[in-house]
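# Working through the structure, step by step
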Amino acid sequence: MRYTGLINHYKDRLPVDENTKFISLGEGNTPFIRLENIPALLGKEVDIYVKYEGLNPTGSFKDRGMTMAVTKAVEAGSKAIICASTGNTSASAAAYAARAGIKAFVLIPEGKIALGKLAQAMMHGAVIIQIKGNFDDGMRLVKEVADHAPVSIVNSINPFRLQGQKTAAFEIVEELGDAPDYHCLPVGNAGNISAHWMGYKEYQQDGKAKKTPAMVGYQAAGAAPFAKGEMVDNPETIATAIRIGHPQSWDLAHKVEKESNGWFDAITDEAILAAQKLLTEQEGIFCEPASATSLAGAMIDIKNGKIPEGSTIVCTLTGHGLKDPDTAIAQCTNEMILINPVMDEVKNAILNNM
Ligand SMILES: *Cc1c(COP(=O)(O)O)cnc(C)c1O
């Protein structure tokens, strides 16, 4: 049967019924890839899989939540949605609103959103409101204005977002035949780590998995409220998708940490970019900087033994590398070769670089 998106696929496990009109772009069902070269470089016996969420319709996992949030907003008669965003939520909201024929208002931090994400929000026709502030300011404003204007909030404080996003855990259990030992994610608002935990618990309770994983949340060192144990007022990181100092799912994520025997940690921007590059060069997988935080953290904890040998580890790659071409190109040192359009010069370029 044709795959028509995660709501239809998992409709028995989602808050929809036969009268609900699904707003879908075919999201979910993303590649689950076993890393072949990086474990050997670490010199450890571990099985690492990546869930490549960058291959969702708008290039990030946000689509899993947005299909649900927009479906339910439309079902409730909403004509407009609103979100604060570090970029990917705005791209996703803009696309699903276009699909549904409703309006999207997106609040983004001025000058701090990756180019690809801005292009998406603009192309899909969202009303873009730049704020002279950061994501946390935007989130505060969105919550306030929703009481004064006819708009539905589609940030991850919308419970339907987490419902949609829990399906990623279902897909992983179906691929592995059980839950992994460790599931590592980049953490911003901590909606996604909470949603995955919901999914794993649901599958375990229903006998579809024998166990649940330890949930491990990695943050960028300059924006690491969970690792620090307190809110951060001026978050800074090259990984703009997780440049968040006041996470919305603070209590929920602490519950996940405790229940799953997981932990939070902070990763330097340097280690994040190195992991992004390693993944592209060694495995052929291009994710955005924030996404590489999961692998960067996992590699550190595998090396120091916190994640023991023999473990099965899943790292979520939350968004596609093409989202942020500026950061990608800035870290590449490979020289481009310029030649005249003659065979000899091509030949020399090849032979000199074998
Ligand atoms: C939104 C986002 C995150 C953070 O997810 P939270 O649910 O806010 O913790 C991580 N990476 C990317 C690429 C994102 O777009």
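Residues numbered from 1 in each chain as written. Predicted model: local features only at pLDDT ≥ 70, side-chain atom pairs only at ≥ 80, totals over all residues. Heavy atoms only, no water.

This part is about the domain arrangement of the chain. The assigned domain composition of the chain is domain 1 (6-59 + 159-331) and domain 2 (61-153). Put simply, the middle of domain 1 and the middle of domain 2, counted by C-alpha atoms, are 22 Å apart. In this assembly, 47 residues from domain 1 lie in contact with 35 residues from domain 2. Looking at the side of domain 1 facing domain 2, the largest losses of area belong to I23, R161 and K323, adding up to 22% of the total buried there. The interface formed by domain 1 and domain 2 includes 4 salt bridges. K112 is the salt-bridge partner of E236, the closest N and O atoms lying 3.8 Å from each other. Those elements that provide at least two residues to the side of domain 1 that touches domain 2 are α1 (6-9), α7 (159-165), α8 (167-176) and α14 (325-330). With 4 residues, the single largest contributor to the side of domain 1 that touches domain 2 is α7. (Domains from an automatic or database assignment. Contact = heavy atoms within 4.5 Å. Buried area = accessible area lost by both parts, 1.4 Å probe. Salt bridge = Lys/Arg side-chain N within 4 Å of Asp/Glu carboxyl O. Helix = DSSP H or I, 4+ residues; strand = E, 2+ residues; numbered from the N terminus.)

Residues in contact with the ligand amount to 17 residues; listed here are only the nearest, K62, N88, N189, A190 and T318. N189 has a polar backbone atom sitting 2.8 Å from an oxygen atom of the ligand. In the environment of the ligand, an oxygen atom lies 3.2 Å from a nitrogen or oxygen atom belonging to the backbone of G191. Relative to its free-state accessible area of 390 Å², the ligand is covered by the protein chains to the extent of 97%. Looking at the shell around the ligand, the elements with two or more residues in it are α9 (191-205) and α13 (289-303). Here the shell around the ligand is built from residues that sort into 7 nonpolar, 8 polar and 2 charged. Counting contributing residues, the shell around the ligand receives three or more from each of domain 1 (6-59 + 159-331) and domain 2 (61-153). (Near = heavy atom within 4 Å. Polar contact = N/O pair within 3.5 Å; in protein donor to acceptor, adjacent residues only side chain to side chain. Areas by Shrake-Rupley, 256 points an atom, 1.4 Å probe, with all protein chains shown as cover. Nonpolar A, V, L, I, M, F, W, Y, C, P; charged D, E, K, R; others polar.)

With 34 residues, the main nonpolar core has I48 and I313 as its most contacted residues. Elements with a contribution of two residues or more to this core: α2 (38-42), β2 (47-52), β7 (182-186), β8 (214-220), β9 (263-267), α12 (269-283), α13 and β10 (312-317). Looking at which element gives the most residues to this core, the answer is α13, with 7 residues. Setting aside anything within four residues of it in sequence, one finds I313 in contact with V46, D47, I48, Y49, Y182, C184, A298, I302 and I307. Core analysis: the second largest hydrophobic core is formed by 28 residues, L14, M68, I172 and A253 among them. (Core = buried A, V, L, I, M, F, W, Y, C linked by side-chain atoms within 4.5 Å. Buried < 20%, exposed > 50% of the residue type's maximum accessible area, 1.4 Å probe, protein only.)

All right, on to the pattern of salt bridges then. Tallied over the full model, the rule gives 16 salt bridges. A salt bridge links E75 to K72; its shortest N-O distance comes to 2.6 Å. Here E75 pairs with K72, and both are found in helix α3 (residues 62-75), just 3 residues apart, close to one helical turn. On the basis of relative accessible area, E75 is assigned to the partly exposed category, the value being 37%. Among the residues examined, K72 registers a relative accessible area of 14% and is labelled buried. For R140, the salt bridge identified is with D137, shortest N-O distance 3.4 Å.

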